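Fold and geometry: a report
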Amino acid sequence: MTRVDEILARAGELPPFPAVIQRVMALMADPLVGADKIIEVVKYDQAITARVIKMCNSTVLMGTSPVSTLRDALVRIGNKQLLQIIMSAGGTELLQRELEGYGLGRGDLWKHSMLCALLAESLCDVVKYGAPDKAFTAGLLHDVGKLAMAGSVADSYEDIREAATAGRISFFEAETRVLGVGHAEIGGRLGELWNFDAEMVAAIRHHHEPAGAPGESKLPFLIHLSDILCLTSGIGVGSDGLQYTIDHDLCKSHGIGIREFELAMIRLMEVEAQFHAIVAMFDREG
Ligand SMILES: [Fe+2]
Ligand SMILES: [Fe+2]
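We now turn to the structure provided with this report. The structure presented is a predicted model; accordingly, all values stated were derived computationally and were not measured.

1. Examining the environment of E98
Mapped onto the fold, E98 is located in the loop between α5 (70–95) and α6 (108–122). For E98, a count of 12 C-beta atoms within 10 Å translates into the label exposed. If we ignore the near neighbours within four places in the chain, the residues touching E98 are L104, G105 and R106.

This is how it looks when you write it as structure tokens:
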């Protein structure tokens, strides 16, 4: 059994990736997908339906009268926001856990992932990537491999820490060096197991080194950029924030100069405000 297999076997103890979210992700591949199709998929999932309606009725969304069905919620918030709420509601289950090896308390990974999702979506125009829904989902799931890796990282934490400090390398590089595989690769493998499409898998697998991603998609770079900017916010940052640097050559080849970088920082501040509103909604929900 290889190290990757061992870690993936441990991942068997994770809650399964929500089937309804897998189906919504498949629908999102079609940018013109109708609301009816989304509702058809989601309405059988009680927990997500309830959460969408509750969030829609929250004061943050300034509803004038409460909604009680998915269809009413859709009229109130629109297709795009409905998709975001569905993805966030489905991802919450999975991403809430405490990940000791990464220095992440309960909810921290979810917060970091949520912020990265909002930022990736917001930076689509800057990076010239045309599928904001997909960017949101990739941002939400980019660190999913940490769920499977956390136990192994915790077991070898001192060695990883030492390798990072001695070699002046990122925590991610040290984790890969000590364990033989990193959370990005494990996330890519999980994405394949969960039938994500090739572009989504590449974005997860290469979010720390987008230059290695196959194909022409800008999604891996967009997630890399968003992830690094999110780490500067200090929200949900654990050990991963150490010595993590941006790929400057790739920035250049994607047309990201100082002006674009400044714009991206402004967007980060904007999405932080949005992020706090969403966290408040989930908190109120209890
Ligand atoms: Fe990561
Ligand atoms: Fe991350």
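Still more to cover.
2. Topic: unusual backbone geometry
Even without being glycine, K128 reaches a positive phi, approximately 65°. With respect to the helices and strands, K128 occurs in the loop between α7 (124–127) and α8 (132–141).

3. So, the packing of helix α10 (residues 157–167) against helix α11 (residues 171–179)
Running from amino to carboxyl end, α10 crosses α11 at an angle of 120°, the nearest separation of the two axes being 8 Å. By the criterion of interaxial angle, the relationship of α10 to α11 is oblique. Of the two elements, α10 crosses α11, and the hand of that crossing is right-handed. Together, D159, I160, A163, A164 and G167 of α10 and F171, A174, E175, R177 and V178 of α11 make up the contact between the two elements.

4. Some points on helix α12 (residues 183–193)
Burial runs high along α12: eight of the 11 residues are buried. Among all positions of α12, only H183, A184, I186, G187, G188, R189, L190 and G191 are buried. Looking at the packing, one finds that the buried side of α12 touches α1 (3–11), α9 (145–155), α11 and α13 (198–205). The first or second residue beyond α12 is N195, which carries a positive phi of 65°.

5. Some words on helix α2 (residues 19–28)
Residues I21, V24, M25 and M28 constitute the buried set of α2. For α2, the angular spread of buried residues about the axis comes to 100°, placing them on one side. The inward-facing, buried residues of α2 contact α3 (35–42), α5 and α8.

Here is what the cut-offs are and how they apply
Starting afresh in each chain, residues are numbered from 1 along the sequence in its written order. Each chain takes a letter, starting from A, and each ligand takes a number, starting from 1, following the order in which they are written. Under the rules for a predicted model, residues below a pLDDT of 70 receive no local features and side-chain atom pairs below 80 are neither given nor counted, while totals for whole chains, interfaces and linings still include all residues. Helix numbers and strand numbers start at the N terminus; a helix is a DSSP run of H or I with at least 4 residues, a strand a run of E with at least 2. A residue is called partly exposed when the number of other C-beta atoms within 10 Å of its own lies between 12 and 20, exposed at 12 or fewer, and buried at 20 or more, with C-beta atoms placed from the backbone. Note that contacts rest on C-beta atoms placed from the backbone: two residues are in contact if these are within 7 Å. All axes are obtained by fitting lines to C-alpha atoms, using only the stretch in contact for helices, and the reported angles, taken between N-to-C directions, cover 0 to 180 degrees. Each angle is binned into one of four classes, with values under 35 degrees roughly parallel, values over 145 roughly antiparallel, values of 65 to 115 roughly perpendicular, and all other values oblique. Put simply, a crossing is left-handed when the front helix is turned counterclockwise from the back one by less than a right angle, and right-handed when it is turned clockwise. By construction, the arc corresponds to the directions joining the helix axis to the C-beta atoms.

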